[in-house]
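Structural overview
Single-letter residue listing:
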Amino acid sequence: MARTRSGKAHHGKHKDKAHQDAEQGATPRAAKGQPESVSARPPKSDPYAEREAQKYDNPLPSREFIIMHLEAAGEPLTRQQIAEQIGIFGEEAEEGLRRRLRAMERDGQLIFTRRGGYALVSKMDMVRGRVIGHPDGFGFLSPEDGSADLFLSGREMHSVLHGDRVVARVSGMDRRGRREGAIVEVLERANRFVVGRYVHDSGIGYVLPDNMRINQDILVPSEQTHGAEVGQFVVVELVEQPNRYRQPIGRVVEIIGEHMAPGMEIDIAIRAHSLPMEWPLLVEAECSDFGHHVPDEAKADRLDLRQMQLVTIDGEDTKDFDDAVYAEPSGDGWRLVVAIADVSHYVRPGTALDAEARNRGNSVYFPGRVIPMLPEILSNGLCSINPEVDRLCMVCDMRIDASGDIEEYRFHRAVMRSAARLTYGQVAKVLQERDAETRETLAPLVPMLEHLYDLFHALQKRRARRGAIDFDTTETRIVFGENKKIENVVEVTRNDAHRLIEECMLAANVATAMYLESGKIPTLYRVHPRPKEEKLANLREFLAELGLELAGGEKPLARNYSALLKKIKERPDFHLIQTVMLRSLSQATYTPENEGHFGLAYKAYAHFTSPIRRYPDLLVHRAINHLLDGKSPESFYCGTPEMVELGEHCSMTERRADDATRDAVDWLKCEFMLDHVGDRFEGTISSVTGFGLFIELDQIYVEGMVHVSSLHNDYYHFDPVKHRLLGERTSRMYRIGDRVEVKVVRVDLDERKIEFELYEEPLVVEAPSSDEHEQKKRKKRRRNKHRNKHKD
């Protein structure tokens, strides 16, 4: 990669020439005539050779082995030097090494220097991560190592778009004390297609991206409009990505339609966030080989659980059933069996089906529509645990004592037959409401369900002793009427059946993490890091203002958060304090480094229970299979570097799904509120910022904003520590959790914004009378005289 003096990346002929020189044996100047500095002697043979031999007919040196040699050298090495050190000879082997080095460069593990060598990014004080765009033109780099974000100026953002994966260097600190970054190299472009509204102005056509984080308009040449009309939503393919001197250029490839067409909000969200939606032809071809029934040969050599009363418990509208449970008394505790659909039997590494599942990362659940990770023949067919049919499964068989602790666990490949498809409502009627009619209908299953309920209570008590954090939040569901128009937003009520299944799944996930950790096999853990120091400091400062304290010192535990939540439960400002506590926590991610799960208070945690809809769970199942076969961790098809990359990718696809569904829901709520402009609602302040208040309306759970400029009779100033707006003259205060009454004044579908005004009488402050004015002046003189006396 050739660079300017400022260290910025140029793409094109310069890069190709630099690589060509290196491939012809050019030696970095720093290496000429200098002795090698050795920090640690690398192993003579590749420790991961067995794994590479399983993956390739002509095995390549593993990435780990290459990294070991570069670390030992203590300086950048040319491809020729790396080949000599590792022992690569022959044209075919050297070509394989060249491709591997380029792949490691593409993934941000290596960087190609101006002197023709390959250097470790981790040794060059560079940061690898994803760009997060801001509507105002600047952005941030979210580092993959979890460190603090880098601020990217508008100038730096001109050559990238939201979601791009880059390598940057820390260029300094901005005036607010934030690390500032300069982009060195773009590793991966995230936006091949962009959705937005087509505009033609002053002879120039362009697309305004619907995703507000993409803050550059896409230029569209007149011959590339595809017949789009002004105002229509279109999909544009980027034919040229942005650079420092030019906006991105694209061509219209699809016209989605007009502004208010039913169902358009989901179509736009899918395209705006580049969600894979169409199945590649190779995937369809592979799926055509699957039948609709499990063949007998697939059931061979598996534990037969078809006589066990395993049941699925899900929502009324669930279509794919990937988990089943069973419990029975065992000694002074219980035996808990959690059976999960064996997706790994059907989705094998190296297949087109696996590549597409990895690309999608997870299923995406929109209101009334699902974009699945796996084709329907698997997600709703062979891998869905439907009642009264044979299904292949992976089983976690646990022994749990009376205190709710997992005493032992075993994993099996099994074949099962679900005894019943139950709903949360049915199970709640049996166990909570003790409904006689439902208990009679499900009579053969009631004893087993009672065992599950007893176990649930033990697990729940163990959760409380462990100190897991339970925030009091509201989950909602959108109800549609005719023509896909939103009819209402209702609260989803959780009952003990929901919590029972949750505790069973948590137990299986914990047993899985312990099993994989003891097997020392590369895998993905679900990690929730401790709160960052800065956020903790802000939380403690806020709590101190209220006379409260978070115990635990510099490293509080989840139980300290839980104890504080319990203490403030009856306070009128509970909502405010809980919100600030929630915002102090970090985001959970997937990583091969087990750092525990802070919120759930687990030392080790992995996702085992949903391989139909989460790719990390599928990777976990493959790791379990590898250990069950008695194979060595080193021979597993995915090494730690690949797991790091997969963890970053799956964390990204999870955030992408959340962003896409949030966009669609926001659009639907805005559309719903169009019919309520001018109406009056009660609500609660859910957030306070420098530019206004966010209010969540009662009963319909729609959020909108009261702009600070619409607040009456005072100048309001934002206090970020106390999370409030405070009137300069009147001392009128607005805080999170305060109850207010508002009027809907404006709805903007394009911006996904709803604007409110506070529905209240303006504050009237009467001027004091002349007598009162004189009295105040005399009091002020007496106070000043008193102060001066003490100063003397």
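Residues numbered from 1 in each chain as written. Predicted model: local features only at pLDDT ≥ 70, side-chain atom pairs only at ≥ 80, totals over all residues. Heavy atoms only, no water.

What follows deals with the environment of R369. Mapped onto the elements, R369 comes out in strand β18 (residues 369–371). In this structure the C-alpha to C-alpha distance between R369 and I266, which are 103 residues apart in sequence, comes to 8.4 Å. Excluding anything up to four places from it in sequence, R369 contacts I266, D267, I270, M277 and V364. Here the side chain of R369 touches D267 through a polar contact of 2.9 Å, side chain to side chain. (Helix = DSSP H or I, 4+ residues; strand = E, 2+ residues; numbered from the N terminus. Contact = heavy atoms within 4.5 Å. Polar contact = N/O pair within 3.5 Å; in protein donor to acceptor, adjacent residues only side chain to side chain.)

What follows concerns the confidence of the model for the protein chain. Interpretation of the predicted coordinates at a detailed level should be avoided for regions scoring low in pLDDT. Confidence in the prediction for the protein chain averages 86 pLDDT; 90% of positions are at 70 or higher. Residue range residues 1–39 is modelled with pLDDT below 50. Its contacts to residues more than four positions away, or to other chains, number 74 contacts. The model gives residues 761–792 a pLDDT under 50, and that stretch makes seven contacts with residues more than four places away or in other chains. (pLDDT = per-residue confidence, 0-100.)

Moving on, we get to the pattern of salt bridges. All told, the structure shown has 53 salt bridges when counted by the stated rule. One salt bridge connects D390 with R417, and the closest N-O pair in it is separated by 3.0 Å. Here the residue D390 occupies a position in strand β19 (residues 390–400), and R417 occupies one in strand β20 (residues 406–417), the gap between them amounting to 27 residues. The buried category is assigned to D390, whose relative accessible area is 12%. Residues joined in a network through salt bridges with shared partners are D296, K299, D304, R306, D390 and R417. (Salt bridge = Lys/Arg side-chain N within 4 Å of Asp/Glu carboxyl O. Buried < 20%, exposed > 50% of the residue type's maximum accessible area, 1.4 Å probe, protein only.)

A word on the packing of aromatic side chains. Evaluated as defined, the whole model comprises 16 aromatic pairs. Consider the rings of Y409 and Y515, whose centres lie 6.4 Å apart with planes at 80°: the pair is edge-to-face. Residue Y409 is found in strand β20, and its partner Y515 is found in helix α15 (residues 496–519); the two are separated by 106 residues along the sequence. Of note, R360 hangs over the ring of W279, and the distance from its end group to the ring centre comes to 3.6 Å. Looking at R526, its charged tip hangs above the ring of Y590, at a distance of 4.6 Å from the centre. (Phe/Tyr/Trp six-rings, centres within 6.5 Å; stacked < 30°, edge-to-face > 60°. Lys NZ or Arg CZ within 6 Å of the ring centre and 35° of its normal.)

What follows is about the side chain of D354. Along the chain, D354 turns up in helix α10 (residues 352–360). Take D354: its relative accessible area is 8%, and that puts it in the buried class. At 2.8 Å, the side chain of D354 and the side chain of Y615 are in polar contact. If we skip the residues at most four places from it in the chain, D354 touches V347, R348, P349, Y615, L618 and R622.

Before going further, it helps to spend a moment on helix α5 (residues 91–106). A rise of 1.5 Å per residue sets the reference length of α5, with its 16 residues, at 22 Å; its end C-alpha atoms lie 22 Å apart and thus fit the reference within 8%. Listing the buried residues of α5 in full gives G96, L97, R100, L101, A103, M104 and E105. (Expected span 1.5 Å × (residues − 1).)

For residues other than glycine, phi is negative in most cases, and the peptide bonds are mostly trans. Positive phi outside glycine occurs at S202, with the angle close to 55°. Backbone geometry at K520 places phi at a positive 55°, although glycine is not the residue there. Here K520 lies in the loop between α15 and β24 (525–527). Residue classification places K520 among the exposed positions, given a relative accessible area of 70%.

Quick look at the sheet that holds strand β30 (residues 724–727) now. Read across the open sheet, the three strands follow the order β29-β30-β31; overall the sheet is antiparallel. The two strands at the open ends of the sheet, each matched to only one other strand, are β29 (716–719) and β31 (733–735). The average angle at which neighbouring strand axes cross in this sheet is 20°, direction not considered. The pairing of β29 with β30 spans four bridges and is classified as antiparallel. Note that in β30 the partner of F718 across the bridge is L725. (Pairing = 2+ DSSP bridges. Axes fitted to C-alpha atoms, helices over the stretch in contact; angles between N-to-C directions.)

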